[in-house]
Amino acid sequence: MRLPVRVTPKGGRDGLDGWTLDVEGRPYLKVRVSAVAAEGAANAALLAFLAKTLKRPRSALRIVSGETARVKMVEVEGAVQADFDLAFGVKP
């Protein structure tokens, strides 16, 4: 299952800021990571944070689009919507 995420690098700490909507009304998850956006460090921190939060192995997650953008699409292998709802709350 795919998860839309907006990442804030150098966010002071790794943490979840909850769901929000983009200008077109599509929900995405806001996550901050303490890592800088250089050489893939923020992407690695994002995937590690999401894996820990979802209680999945890191190998089950991958970025399928937005590798160099703030808004990314993360694929979580074997996940269902109920997993996301439990870990991040229900989408708006």
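Residues numbered from 1 in each chain as written. Predicted model: local features only at pLDDT ≥ 70, side-chain atom pairs only at ≥ 80, totals over all residues. Heavy atoms only, no water.

**Looking at the sheet that holds strand β5 (residues 71–76)**
For clarity, the threshold we go by: Note on pairing: DSSP must find at least two bridges between two strands before they are called paired. Numbered from the N terminus, helices here are DSSP runs of H or I no shorter than four residues, and strands are runs of E no shorter than two. To obtain an axis, a line is fitted to C-alpha atoms, over the contacting stretch when the element is a helix, and the angle between two such axes runs from 0 to 180 degrees between their N-to-C directions.
Read from one edge of the open sheet, five strands run β2-β3-β1-β5-β4, paired in mixed fashion. Looking along the sheet, the strands with just one partner apiece sit at the ends: β2 (15–21) and β4 (61–65). Strand-to-strand twist in this sheet, taken as the mean axis angle between neighbours without regard to direction, amounts to 40 degrees. Inspection of the sheet shows β2 paired to strand β3 (residues 27–32) by six bridges, in the antiparallel sense. Paired with Trp19 across the strands is Leu29, a residue of β3.

**Focus: the packing of aromatic side chains**
To keep it simple, the criterion reads: Aromatic rings from Phe, Tyr and Trp, with only the six-membered ring used for Trp, were paired whenever their centres fell within 6.5 Å, and each pair was classed as stacked if the ring planes differed by under 30 degrees, edge-to-face if by over 60, and tilted otherwise. Burial here depends on accessible area, computed with a 1.4 Å probe over protein chains only, as a share of the maximum for the residue type. Under 20% is buried, over 50% is exposed, and the range in between is partly exposed.
Taken as a whole and assessed by the stated rule, the structure comprises one aromatic pair. Note on Phe84 and Phe88: the rings are 6.3 Å apart at their centroids and 35 degrees apart in plane angle, and the pair reads as tilted. In this pair, Phe84 and Phe88 are both assigned in helix α2 (residues 81–88), four residues apart and thus about one turn of the helix distant. By relative accessible area, Phe88 is classed as buried at 7%.

**A look at the layout of surface pockets**
To keep it simple, the criterion reads: For cavity detection a 1 Å grid was placed over the protein atoms alone, and a set of points counts as a cavity when a 1.4 Å probe fits there but cannot get out; an open set counts as a pocket when protein lies on both sides within 12 Å along at least five of seven lines, with lining residues being those that have an atom within 4 Å of a point. Grid points are joined across faces, edges and corners, and a volume is the space filled by probe spheres set on the points.
Empty space within the largest pocket amounts to approximately 180 Å³. Lining the largest pocket are 13 residues, and of these Ala37, Asn43, Glu67, Ala69 and Lys72 lie nearest its centre.

**Thoughts on helix α1 (residues 41–54)**
Quick reminder of the rule: What a helix should span is 1.5 Å times the count of its residues minus one. Here, residues are in contact when the closest pair of their heavy atoms is within 4.5 Å.
Its 14 residues place the ends of α1 20 Å apart at the C-alpha level, agreeing with the 20 Å of an ideal helix rising 1.5 Å per residue. All of the buried residues in α1 are Ala42, Asn43, Ala45, Leu46, Leu47, Phe49, Leu50, Ala51 and Leu54. Buried residues belonging to α1 abut β1 (2–8), β2, β3, β4, β5 and α2. Once α1 ends, the next one or two residues include Lys55, with phi positive near 55 degrees.

**Quick look at the side chain of Asn43**
Structurally, Asn43 can be placed in helix α1. With sequence-adjacent residues up to four places away left out, Asn43 is seen in contact with Ile63, Glu67 and Lys72.

**A look at the nonpolar core**
Our working definition: Among buried residues, the Ala, Val, Leu, Ile, Met, Phe, Trp, Tyr and Cys ones that are joined through side-chain atoms within 4.5 Å form a nonpolar core.
Residues Val5, Leu50 and Val74 are the most contacted members of the largest nonpolar core, which totals 24 residues. Take this core: its biggest share by element is eight residues, from α1. Once residues lying within four places of it in the same chain are set aside, the contact partners of Leu50 are Leu3, Val5, Leu29, Val31, Leu61, Val74 and Phe88.

**Notes on the environment of Ala69**
Tracing the backbone shows Ala69 in the loop between β4 and β5. The exposure class assigned to Ala69 is partly exposed, which follows from its relative accessible area of 36%. Taking the C-alpha atoms as reference points, Ala69 and Ala37, 32 residues apart in sequence, are found 9.8 Å from one another.

Spatial relationships are all this shows, so hold off on functional conclusions.
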